[in-house]
Amino acid sequence: MSMDIDIALTVNGERIAERVEARKSLVDFVRDDLGLTGSHVGCEHGVCGACTMRVDGVIVRGCLMLAAQCDGAVVETIEGLSDSGELADLQAAFEQRNALQCGFCTPGMLTAAQDLLNRGSVPSRDEIREHISGNFCRCTGYHAIVDAVESVAKARHGAKP
Amino acid sequence: MKITADTPPVLSVLDRPNSYIGRAVPRPNLQRLTQGRGQYISDVTLPRMAHVAYLRSPHAHARIVSIATDAAKKAPGVVAVVTGAELAKVMTPWVGVLTHLKGIKSAPQAPIAVDRACWQGEAVCAVVARTRAQAEDACELIDIVYEELPAVTNPETALDPGTPVIHESLGDNLCFERKLDVGEVDKAFANSDAVVEATFVTGRHTGVCTEGRAVVADWNASEQRMTVYHATQAPHMMQNLFAKHLALSESQVRVLTKDVGGSFGIKVHTYADEMATVALSKLLKRPVKFVADRIESFVTDIHARDHRIKAKIGVTKDGVITAFEIDDLTGIGPYSVYPRTSGIEANQVINLTGGPYNCPNYRAQARVVFQNKNVMCQYRAVGHPIAVAVTEGLVELAAAKIGMDPLEIRRRNLFADDGYPAQTASGLKLEQLSHHEALAHLDAMINYAGLRAEQKALRDKGIYRGIGFASFIEVTNPSAAFYGVGGAKITSQDGATVKLDAQGAITIHSGVTEQGQGAEAVLAQCVASSFGVSMDRVRVVTGDTDNTPYGGGTWASRAAGIGGEAAWQAGKALRGNVLAVAGAMLQAKPEDLDIRNSIVVDKTTGAERLGLDELARVAYFRPDTLPPGFQAELMVTRHYVPRAWPFAFTNGIQASYLEVDTDTGFVKLLRHWCVEDCGTIINPQLVNEQIRGGVVQGIGAALFEQCLYDERGQMLNGNMADYLVPMAVEMPDIDCGHVVSPTADSELGAKGAGEAGTAGAPACIMNAINDALRPLNAQPLTDMPFTPGKILRALGKV
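What you are looking at is a predicted structure, and each value in this text was computed from that prediction instead of being measured. (Residues numbered from 1 in each chain as written. Chains lettered and ligands numbered in written order. Predicted model: local features only at pLDDT ≥ 70, side-chain atom pairs only at ≥ 80, totals over all residues.)

## Description of the overall build of chain B
And step 1. Counting secondary structure elements, chain B contains 19 helices and 30 strands.
And step 2. Its C-alpha radius of gyration of 28 Å places chain B within 12% of the 28 Å reference for a compact globule of 798 residues.
And step 3. Buried positions account for 60% of the 798 residues belonging to chain B. (Helix = DSSP H or I, 4+ residues; strand = E, 2+ residues; numbered from the N terminus. Rg over C-alpha atoms; globule rule 2.2 N^0.38 Å. Buried ≥ 20, exposed ≤ 12 C-beta atoms within 10 Å, placed from the backbone.)

See below:
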């Protein structure tokens, strides 16, 4: 059976100290131990991207990282990124453009898209498609997601939508 | 920026003041999902909840000699270890047959295998523990002795005398068979100038919902009541089935459906492990949760589309189609899936093949055979992608053979737009379709002549691009003809209850369910329009058998056309009731009043008379001030079921433009178009997004997706690294166009739009690839998915 490890970390700005099973994934930890169910479990082998979240400013797969690896880390999930307002314009564009249907991939998709938008330039549609290709969406066919991300990229650079 | 404009509606009977019909209003409930605050069943936790993990058969077919559970029972956190034999005392088995599929047969299926496992992945033992991880740990301590039995894994030989019979009681491996012979097929072929034969294969694939199947069952022994939180498309159907197989009354069962992470027909069936979870809750008298992980999903979520079709078309040199003939063979699982059966898909292939074309001669045979593989059943656009691939593949091969343009051959054979009502050779009744107008619209939309010129110019440079088409018809708005007549408790009608609350806002309760397609937005649009309030005054509740009208849920593209009509009618009826109250308060004739933007107004002048908030205040808190004998009725229910037509068929045509790399066999999709006719469009943005998402699911089938099995019945690629799905980078932009032919069966006139994309896309991609490779004299590709290896073989390069 597995051993337990003490970790102290910051999750969405809140200081957390917990004892976790060494084998527990980061996404299981935030969902089951912290009740942050906005990060979703889609494949548990790093392909679908539904568990995408930010650790120390870098997007990661919550299913491919152990909670025990996050001692001292700064973790941001969709709940924190929503409450801070960082994603507000991107979320509004997704809602307006219907760039989500069932919504299960959406927190990961938004987090991945924000990572691209934070690079600072206006990406092409092909670059947007390339960047979100680690995030599986079964509902939309991606076209609307590309539209929404593109519109926000332009808007953030002062272009009229 | 391409955010769809909020287009003003065409003036019609639906165009009341405050009309939202035809407008691209955003779905009102999306912030919950964009902020990660949705509640999927996998998020549900209840007090005392335990988790179940299933130990699954590693063999495709095996006798279970013994199960040793002592070690597992002693493992940390374990609540119970339960075998199939033990659970059979709690829940009765089921048989997936329908009486209108003549001769269909299947064997009783138990929630957990008893004595024998019939496919790799079938649950053979359950472990319930305090956490899922503990339950999985304990599964490893269970010792099962199997005696492996021969596995039936080749549909072609499933009916041979030498092949073992999976269920001895059935006598053979034939689940269902249907034959049809209409017109004079042999004579028509004999009189044809050209006959083209081909064998089409559609690969077995599956839904890959982003969220696995999920259920939390909560048997409350003190209330004798079962509450099931279930990611399902059809809550009332499941209420009936849980009750039936636990020997409860339906009133003892409540099914709640919250947010669902994708369904596409995957979540409209009875799954043994979900039934077992509900039975375990009854047995253990506490909440039990099951969420299928990805590996489990691949070997237990229904598969679909595993068909081999030998097909034949006759044409004259003028391009007139003389006859179609098909022989369809499909290998399902070891059981026909309950309650919709695994016969419907093949039945639909027979019904739909040749469907767009006015050709009276048609012969078809379909055989559905049992296999020791995961079960097969209805998945988005049931049977359509297969029938469309066969039909449209044949039509383009025939066009090539007689040297005719692929759009021209369609123009010469599609049912005439002014020729309705019409009937297909297979007997489908068509109310009003628009094949020719849709084709003309597509022709212009894609700049067909320009595209052909570009294709030709690039060929001279050694770049091989293809243009492919697929015309199609789609079954939507199903009446009782689909399941009800076959004895299944699957209702085709649906209901909506509309209530004016004490502050003058509206709540809708509907029997259809939200799976992300936007049903709740459509319901709100319908009621806001027919009643007369703005969208922000409407709240929608779905997915609760205790609180919504009895309804069918979401399947066969029915939510907008059937659920929407019920909501529209309920809103109208409530308006009448509210105006009666207003008339009493204002001493006016109700017929002289109307409701606009939440205010009762004078119908002719539009002058404001009374706010709904004030009306509600009086009706609820000062009814003593209303005239004696007058009773305000501020909650009404209306139901709707299609009666005039068994199904509201829609139609459309898709086009694909792609490039084949003839050195690597890779296909690059450049653009995709779809023009469809779903009748009245309630929300153009939602229709377009249904089309786009559906097209991409169809593209997956054409290029990537296949559940690969070896001869021992082992699935070889049951994970997302090996089973490929469409990701953003491979997908094209998709343009949508519309023709509007409303159904006269309902006042709204809306038909379904959920499956058109998936129906046509595989055929379209296939035809485009073959068009690209035609100048290279490649063998026509008809075996999906069209992987690079198959393309290089067709080119003779490997």
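Now that the structure is up, let's keep going.
## Description of the interface of chain A and chain B
And step 1. If you look at the interface, chain A gives 49 residues, while chain B gives 47 residues.
And step 2. Every element with two or more residues in the side of chain A that touches chain B is listed here: α2 (78-83), α3 (88-97), α4 (106-117), α5 (125-131) and α6 (143-156) of chain A.
And step 3. For the side of chain A that touches chain B, the leading source of residues is α6 of chain A, giving seven residues.
And step 4. A breakdown of the residues in the side of chain A that touches chain B according to their chemical character gives 21 nonpolar, 18 polar and 10 charged. (Contact = placed C-beta atoms within 7 Å. Nonpolar A, V, L, I, M, F, W, Y, C, P; charged D, E, K, R; others polar.)

## Side note on the domain arrangement of chain A
Residue and element names in this part refer to chain A.
And step 1. As assigned here, chain A comprises domain 1 (4-82) and domain 2 (87-156).
And step 2. With centres defined by C-alpha atoms, the gap from domain 1 to domain 2 works out at 22 Å.
And step 3. Taken together, the contact pairs 15 residues of domain 1 with 12 residues of domain 2.
And step 4. Looking at the side of domain 1 that touches domain 2, the elements with two or more residues in it are β3 (52-55) and α2.
And step 5. Residues belonging to the side of domain 1 that touches domain 2 are distributed by class as follows: seven nonpolar, seven polar and one charged. (Domains from an automatic or database assignment.)

## Some points on helix α4 (residues 132-139) of chain B
Residue and element names in this part refer to chain B.
And step 1. The element α4 is extensively covered by neighbouring structure, given that six of its eight residues are classed as buried.
And step 2. The complete set of buried residues in α4 reads Arg132, Ala133, Gln134, Ala135, Asp137 and Ala138.
And step 3. On its buried face, α4 is in contact with β1 (50-56), α2 (70-73), β3 (78-83) and β5 (123-129).

## As for the sheet that holds β3 of chain A
Residues and elements named next belong to chain A.
And step 1. The strand order across the open sheet formed by five strands is β2-β1-β5-β3-β4, and the pairing between neighbours is mixed. Edge strands, defined here as strands with exactly one partner in the open sheet, are β2 (14-21) and β4 (58-61). Averaged over all neighbouring strand pairs, the angle between strand axes comes to 40°, with direction disregarded.
And step 2. Pairing between β3 and strand β5 (residues 74-76): two bridges, direction antiparallel. Paired with Arg54 across the bridge in β5 is Glu76.
And step 3. The sheet strands contacting α4 are β3 and β4, and the helix crosses β3 at an angle near 50°. (Pairing = 2+ DSSP bridges. Axes fitted to C-alpha atoms, helices over the stretch in contact; angles between N-to-C directions.)

## Remarks on the packing of helix α10 (residues 384-402) of chain B against helix α18 (residues 756-773) of chain B
Residues and elements named next belong to chain B.
And step 1. Packing of α10 against α18 brings their axes to within 7 Å, and their N-to-C directions diverge by 30°. With respect to their mutual orientation, α10 and α18 come out roughly parallel. For the crossing formed where α10 meets α18, the hand is right-handed. Counting all contacts with α10, which are made through His384, Pro385, Val388, Ala389, Glu392, Gly393 and Glu396, the residues of α18 involved are Thr758, Ala759, Gly760, Pro762, Ala763, Met766, Asn767 and Asn770.
And step 2. The residue makeup of the contact of α10 with α18, split by class, is seven nonpolar, six polar and two charged. (Parallel < 35°, antiparallel > 145°, perpendicular 65-115°, else oblique. Left-handed = near helix turned anticlockwise from the far one by under 90°.)

## Brief notes about the domain arrangement of chain B
All names here are of chain B.
And step 1. On domain assignment, one finds that chain B holds domain 1 (41-149 + 209-300), domain 2 (376-480 + 644-794) and domain 3 (493-640).
And step 2. Placing a centre on the C-alpha atoms of domain 2 and another on those of domain 3 gives a separation of 40 Å.
And step 3. Taken together, the contact between domain 2 and domain 3 spans 19 residues of the former and 16 residues of the latter.
And step 4. Residue composition of the side of domain 2 that touches domain 3, grouped by class: eight nonpolar, seven polar and four charged.

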